[in-house]
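Observations on the three-dimensional arrangement
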Amino acid sequence: MKRILTLLFLLAFGTACSTNTSSPRSAELPPTPYPDTPSPAEIDAPLVEAPALLELDMFNELDGWGVTETQIVRTNDGGITWYNVTPPDVAELGFSVDTFILDNNTAWLQKPDFENFPNSGFMYRTTDGGLTWTNVSSPFSRGDINFVDSNDGWVLADLGVGAGSNAVAVYQTADGGDTWEQTYINDPNSPDASDSLPLGGIKSDLVALNRQTAWINGVVYAPGEVYLYRTEDGGHNWDQVSVALPAGAENFELSIDQDQMQFVSATDGFFVLRMAGDATQTVVYVTHDAGDTWSLASAVIDGAGAMDFLSAEELIMYDGGPFHVTRDAARTWVTVSPDIVFGESFANMEFVNTLAGWVITLDPANNHRSLYRTGDGGATWFPVIP
C-alpha cells in the first residue's frame, strides 16, 4: 500500500459530472454481482466493533488493513469483521503516525519522537500480520515510507515547511528498517546539503521502483511548473523530469497530489496531474518503460478526484458524482452512476479491481465515519460499517 494518507480527498466538483466534449467519459458500465465467499479463519487478535476508519488498504476482496485514530486493524472477510493488531505501546495513531503496508503480513509504522523532532522517531515492524511487532530508533520523525520488498525501503523525511519551501532528507534501508542510511538532504542548515532536489516546493511523495530508482513529486507554486524529480543512484542525486503539457497548462498551478503516482508493475506506471486555476482540471500520464518516458494518456478531464490505479490498463476515478472507469490506460472512460451519491461525505476509496471496492464516508456534522462496499463496479453500494 502506498503510505496511509495524511490528507483525504473531500470532493465536490459538479462540472466533472456534466457532459463535456473535453472529458471522454460517457457510456455506462454494466454491473456484475459481488461473488460469494467462504467464511474465513479467525485472526488471533481482539475483535473491534465498527472501527472508525481513516484509511483502508485492501489486497483482494477479503484481506486488508485499516487505520483509525487509535488502532491498526485487519480484516479477512472484506471489512465485515475487524481485529485489533495495534502495537502494544502505541496509543495514538490516525494522522500522528506514518504507515506502509507491503502485504497481508508485513507492515511498518513510524512514530515521531516529539522531544527530538524532526531528527528521531521509532520504527515498528510486523511480519506476521500485526500479531507481534518489533521497534527500533530511527533518525527521522515523520516521512513518506515506501518499501519495494520486505528488506529494501525508502523514506522521504519531512524536515519542515515554510514560505513555500520544504526541507527533506532521503533515507534507505536494506534490512527491513532496522538501520537507515541518509543518501540526500537539502536542508541549508546541514553541512551535507545538496540542491539537486530544490528546497522550493512542497514534496508530496517518494515513489520507489527499486533500490536505485525513485521519484519525488509535489507542487511548486508557480504557473506551468511540474514538481517531479527522479534519482537513478539510490537518492544521492536528483534530476527534474520533463513532461509534455496539454495546451493552456502554462496558465495553471500544477500539482501531483499525495498518492497520485504509482507503479503497477516493474515497467508500467501512472501519475495524475491536477491543474488548478479558475477551474480545476485533471490529466493522466502513463509510462510503459519504467519511467524513462511519460506520455499524456488522457484528454483534459474537468474537475479532480481520488484515483485508484489497478493495472497497466485499469484506473478508477471519483469526483463527487459518478465513478469513472478506464480499461485502456486512460484513453477513454466509462461512467458508473452509484445508487448512493457520496458527494461531500466522501473521504477515501479503495478498489482491488474494477468491480470490488470500498468507500469511507465522513459525516461532518458529527464526525462519524462509515464504510460502504460495492461488487459491481460502483453501481450498487451497501454499508459494511454503518
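Above: the structure in question.
No experiment lies behind these values; they were computed from the predicted model shown.

1. A closer look at unusual backbone geometry
- Backbone torsion omega between F117 and P118 reads 5°, so that peptide bond is classified as cis.
- In the Ramachandran plot, A329 falls in the positive-phi region, its phi being about 60° despite a non-glycine side chain.
- We classify A329 as buried; its relative accessible area is 2%.
- Here the phi dihedral of A330 falls at roughly 75°; this positive angle occurs in a residue that is not glycine.

2. So, the pattern of salt bridges
- This structure, assessed with the given rule, holds seven salt bridges.
- One salt bridge connects R142 with D98, and the closest N-O pair in it is separated by 2.7 Å. Of this pair, R142 sits in the loop between β10 (134-138) and β11 (143-147) while D98 sits in strand β7 (residues 98-101); the two residues are 44 residues apart in sequence, bridging distant segments of the chain.
- What makes D98 buried here is its relative accessible area of 3%.
- A salt bridge links D292 to R230, with the shortest nitrogen-to-oxygen separation between them at 3.1 Å. In this pair, D292 is assigned in the loop between β22 (280-287) and β23 (295-296) and R230 in strand β17 (residues 227-231), connecting sequence segments 62 residues apart.
- Its relative accessible area of 51% is what places D292 among the exposed residues.

3. Some points on the pairing of strand β30 (residues 357-363)
- Burial of β30 is extensive: six of the seven residues sit out of reach of the surface.
- Here five bridges tie strand β29 (residues 346-351) to β30, and the two strands are oriented antiparallel to one another. Its bridge partner being in β30, M349 is matched across the sheet by V359.
- In terms of strand pairing, β30 meets strand β31 (residues 368-374) through seven bridges, oriented antiparallel.

4. Quick word on the sheet that holds β30
- The four strands are arranged β29-β30-β31-β32 in an open sheet whose pairing can be described as antiparallel. Whereas interior strands pair on both sides, the edge strands pair on one side only; in this sheet they are β29 and β32 (382-385). The sheet shows a mean angle of 30° between the axes of neighbouring strands, direction not considered.
- Where β31 and β32 come together, three bridges link them in antiparallel fashion. In the sheet register, Y372 faces β32, and the bridge partner there is P383.

5. Examining the environment of A312
- Along the chain, A312 falls in the loop between β25 (306-309) and β26 (315-318).
- For the pair A312 and A329, spaced 17 residues apart in sequence, the C-alpha to C-alpha distance is 6.5 Å.
- A312 has contacts with V264, D268, F270, H288 and A329, leaving out every residue within four places of it along the chain.

6. Some remarks on the environment of D205
- Relative to the elements of secondary structure, D205 occurs in strand β15 (residues 202-208).
- Of the residues examined, D205 reaches a relative accessible area of 1% and is grouped as buried.
- Along the chain, D205 and Y184 lie 21 residues apart, while their C-alpha atoms are 15 Å from each other.
- A polar atom in the side chain of D205 sits 2.9 Å from the backbone nitrogen of D259.

Definitions and limits used
- Residues numbered from 1 in each chain as written.
- Predicted model: local features only at pLDDT ≥ 70, side-chain atom pairs only at ≥ 80, totals over all residues.
- Heavy atoms only, no water.
- Buried < 20%, exposed > 50% of the residue type's maximum accessible area, 1.4 Å probe, protein only.
- Salt bridge = Lys/Arg side-chain N within 4 Å of Asp/Glu carboxyl O.
- Helix = DSSP H or I, 4+ residues; strand = E, 2+ residues; numbered from the N terminus.
- Pairing = 2+ DSSP bridges.
- Axes fitted to C-alpha atoms, helices over the stretch in contact; angles between N-to-C directions.
- Contact = heavy atoms within 4.5 Å.
- Polar contact = N/O pair within 3.5 Å; in protein donor to acceptor, adjacent residues only side chain to side chain.

Note that all results are geometric; they support no functional claim without further evidence.
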